[in-house]
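The residues making up each chain are set out below.
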Amino acid sequence: MVDKKVVELIVSGGQANAGPPLGPALGPLGVNIVAVVNKINEVTKEYAGMKVPVKVSVDTEDKTFEVSVGTPTASALIVAELKIEKGSGTPNSVKVGDLSMEQVVRIAKIKAPQLLSTTTKDATKELLGTCVSIGVTVEGKDPRDVQKDIDAGTYEQLFGSP
């Protein structure tokens, strides 16, 4: 029987290192930590500057490992798209950025596999909810108004045929 241990971590894309939380979690498993760190950095480099969920599965018998990468949080994707440090601490009064509808749809497509939505349109509306909570407007409007516009059919060309 193969004994696999799974270590789940959140790392900064492309910037994992052998220090905590990685080293202490992997050290007892006897795996080559440098090799794991290099693999994590290789598979997360496209998410540079974002927090990324990573799973490392280690076969404790032959010390082989597999790295699988999740998708960063919706708010991390929005913050990265806007090239800002973080969302607003007071999203009702302080707005930190403005996205185009095309940007929102693109992020929704990236995030879709982890969302409850079954269509790009619904995924986009879900993402607009995140925009509300971190103080981001969309095309200069409150994301809740954009959700109403989507329901009214304003952006159908962005979603293609249903």
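The structure presented is a predicted model; accordingly, all values stated were derived computationally and were not measured.

J.: Explain the nonpolar core to me, please; I cannot follow it from the model alone.
T.: Side chains that are nonpolar tend, in soluble globular proteins, to be buried together. Counting 27 residues, the largest nonpolar core has Ile-78, Leu-99 and Met-101 as its most contacted members. Those elements that place two or more of their residues in this core are helix H3 (74-82), helix H4 (101-111), helix H5 (120-134), strand S5 (136-138) and helix H6 (143-151). Examining the composition of this core, we find that 6 residues originate from one element, H3, more than from any other. For Ile-78, the contacting residues outside a window of four places in its chain are Leu-99, Ile-107, Leu-127, Thr-130, Cys-131, Ile-134 and Val-136. Counting 15 residues, the second-largest nonpolar core is a separate cluster that includes Leu-9, Leu-26, Leu-29 and Val-37.

J.: Hey, could you run me through the layout of surface pockets in this one?
T.: Rolling a probe over the atoms, with the probe sized like a water molecule, indicates the empty space that remains. Considered as a void within the structure, the largest pocket measures approximately 190 Å³ in volume. Lining the largest pocket are Ser-12, Gln-15, Gly-49, Met-50, Lys-51, Ala-76, Val-79, Ala-80, Lys-83, Ile-84, Glu-85 and Lys-86.

J.: What am I meant to see in the pattern of salt bridges here?
T.: Under the criterion given, the structure shown has 8 salt bridges. The salt bridge partner of Lys-4 is Glu-66, with a shortest N-O separation of 3.9 Å. A residue pair is termed long-range when its members are at least 10 positions apart, and Lys-4 in strand S1 (residues 4-12) and Glu-66 in strand S3 (residues 65-69) qualify at 62 residues. Note on Lys-4: relative accessible area 41%, which makes it partly exposed. With a shortest N-O distance of 2.4 Å, Arg-106 and Glu-81 are connected by a salt bridge. Residue Arg-106 is located in helix H4, and its partner Glu-81 is located in helix H3; the two are separated by 25 residues in the primary sequence. For Glu-81, a relative accessible area of 21% translates into the label partly exposed.

Parameters at a glance
Residues numbered from 1 in each chain as written. Predicted model: local features only at pLDDT ≥ 70, side-chain atom pairs only at ≥ 80, totals over all residues. Heavy atoms only, no water. Core = buried A, V, L, I, M, F, W, Y, C linked by side-chain atoms within 4.5 Å. Buried < 20%, exposed > 50% of the residue type's maximum accessible area, 1.4 Å probe, protein only. Helix = DSSP H or I, 4+ residues; strand = E, 2+ residues; numbered from the N terminus. Contact = heavy atoms within 4.5 Å. 1 Å grid on protein atoms, 1.4 Å probe; cavity = no way out; pocket = protein on both sides within 12 Å on 5 of 7 lines; lining within 4 Å. Points joined across faces, edges and corners; volume = space filled by probe spheres on them. Salt bridge = Lys/Arg side-chain N within 4 Å of Asp/Glu carboxyl O.

Nothing here speaks to function; it is geometry throughout.
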